[in-house]
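Each chain is listed here by its residues.
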Amino acid sequence: MNEQSMGDRIRICREACGYSQVWLANELGVDRSTVFRYENGSTRRIAASTIEKIAELLGTTRDYLLFGIEPGSRPIPSHSSGTSWQLRSPPPAYDVLFREFQVDSTTVPRMRAMHVFRFLVESDLMVPRIQRGDILTVEVSDQLQNQRLHLLLHEGAFLLRRVSCEGDVVILVSRDGSAEVLDQEKLQSKYQLIGHVTNLSSDRP
């Protein structure tokens, strides 16, 4: 039995996304005190449309907020084969989906608040086998994983690079196969490491 209240779940999702009560209140068009009452349970009757809006803003589902039912693997429909793919690793309870071009002052803090999040690729300029519309499951970490695909931030843009580690030397392999050789210190000064990719979901056959 889930002992959390709906208010607890709203607060947990909001904090995990890095949002303040003021931000949520502004998005809902209500006072901060109203959001405070939602979260502490003093307001028990919340309109269904408001719950739907809160779920949308916090990247979760109505059923999670109402009943604590965490979303499991979700099918991604195929447009070509009539079949579907499943996310191999279930997304977190709030099911946050970040987009490749969604880079602002709140994006990276929100990513770092997650253990795992999903990342939507919106260009064809990333790496082989990953194309526009693919969804990557990213595990947040500030540690490099040898021979894994990593999500990095550089000059306000997200990059995907295959990483090879040889002692203190790090080799970043780009989409065209070119390699950039850096030591750990130069890597940290040039790039911001977000995490490594654990799964690819695609609607391609």
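Here is a short report on the structure shown in this document. (Residues numbered from 1 in each chain as written. Predicted model: local features only at pLDDT ≥ 70, side-chain atom pairs only at ≥ 80, totals over all residues. Heavy atoms only, no water.)

### Brief notes about the overall build of the chain
- When its secondary structure is counted, the chain shows seven helices and ten strands.
- A buried classification covers 45% of the 205 residues belonging to the chain.
- When contacts within the chain are restricted to residue pairs at least 6 apart in sequence, those whose partners lie at least 24 apart make up 50%.
- Taken as a whole, the chain presents about 11300 Å² of accessible surface, with 48% of it coming from carbon and sulfur. (Helix = DSSP H or I, 4+ residues; strand = E, 2+ residues; numbered from the N terminus. Buried < 20%, exposed > 50% of the residue type's maximum accessible area, 1.4 Å probe, protein only. Contact = heavy atoms within 4.5 Å. Areas by Shrake-Rupley, 256 points an atom, 1.4 Å probe, with all protein chains shown as cover.)

### Description of the environment of glutamate 39
- Its place among the elements puts glutamate 39 in helix H3 (residues 32–40).
- By relative accessible area, which is 7% here, glutamate 39 ends up buried.
- Distance in space between the C-alpha atoms of glutamate 39 and methionine 6 is 7.5 Å, their sequence separation being 33 residues.

### Quick notes on the packing of aromatic side chains
- Per the stated rule, a full pass over the model turns up three aromatic pairs.
- Seen in terms of ring centroids, phenylalanine 119 and phenylalanine 158 are 5.4 Å apart; in terms of plane orientation they differ by 85°. Their pairing is edge-to-face. Separated by 39 residues along the polypeptide, phenylalanine 119 in strand S4 (residues 116–120) and phenylalanine 158 in strand S7 (residues 157–166) bring together distant segments of the chain. Like phenylalanine 158, phenylalanine 119 is buried. (Phe/Tyr/Trp six-rings, centres within 6.5 Å; stacked < 30°, edge-to-face > 60°.)

### Observations concerning helix H2 (residues 21–28)
- Within H2, burial applies to Gln21, Leu24, Ala25 and Leu28. The arc that holds the buried residues of H2, viewed along the axis, is 100°, so those residues lie on one side.
- Those residues of H2 hidden inside the fold are in contact with helix H1 (6–16), H3 and helix H4 (48–57).
- Glycine 29 sits one or two residues past H2 and shows a positive phi near 75°. (Arc of directions from axis to C-beta.)

### A word on the nonpolar core
- Counting residues in each nonpolar core, the largest one holds 38 residues, and the members touching the most others are Ile10, Leu65, Met111, Phe117, Phe119, Leu136 and Leu151.
- Membership of the second largest hydrophobic core comes to ten residues, among which are Leu152, Leu159, Leu182 and Leu193. (Core = buried A, V, L, I, M, F, W, Y, C linked by side-chain atoms within 4.5 Å.)

### Focus: H1
- The complete set of buried residues in H1 reads Met6, Gly7, Arg9, Ile10, Cys13, Arg14 and Ala16.
- On its buried side, H1 packs onto H2, H3, H4, helix H5 (62–67) and helix H6 (107–112).
- Phi turns positive one or two residues past the end of H1, at glycine 18, with a value near 80°.

### As for the pairing of strand S6 (residues 148–154)
- For S6, the buried fraction is high: six of the seven residues fall into the buried class.
- Where S6 lies against S7, seven bridges are found, and the strand directions are antiparallel. By the bridge assignment, leucine 152 is partnered in S7 with leucine 159. (Pairing = 2+ DSSP bridges.)

### Here's the deal with the pairing of S4
- Summarising burial for S4: five of the five residues are buried, a large majority.
- Of the strand pairs in this sheet, strand S3 (residues 97–99) and S4 are connected by three bridges, and their pairing is parallel. Its bridge partner lying in S4, leucine 97 is registered against arginine 118.
- One crossover worth recording links S3 to the parallel S4 by way of H6, and it is right-handed.
- In terms of strand pairing, S4 meets strand S5 (residues 135–140) through five bridges, oriented antiparallel. In the strand pairing of S5, arginine 118 is matched with threonine 137. (Right-handed = clockwise from strand over helix to strand, strands pointing away.)

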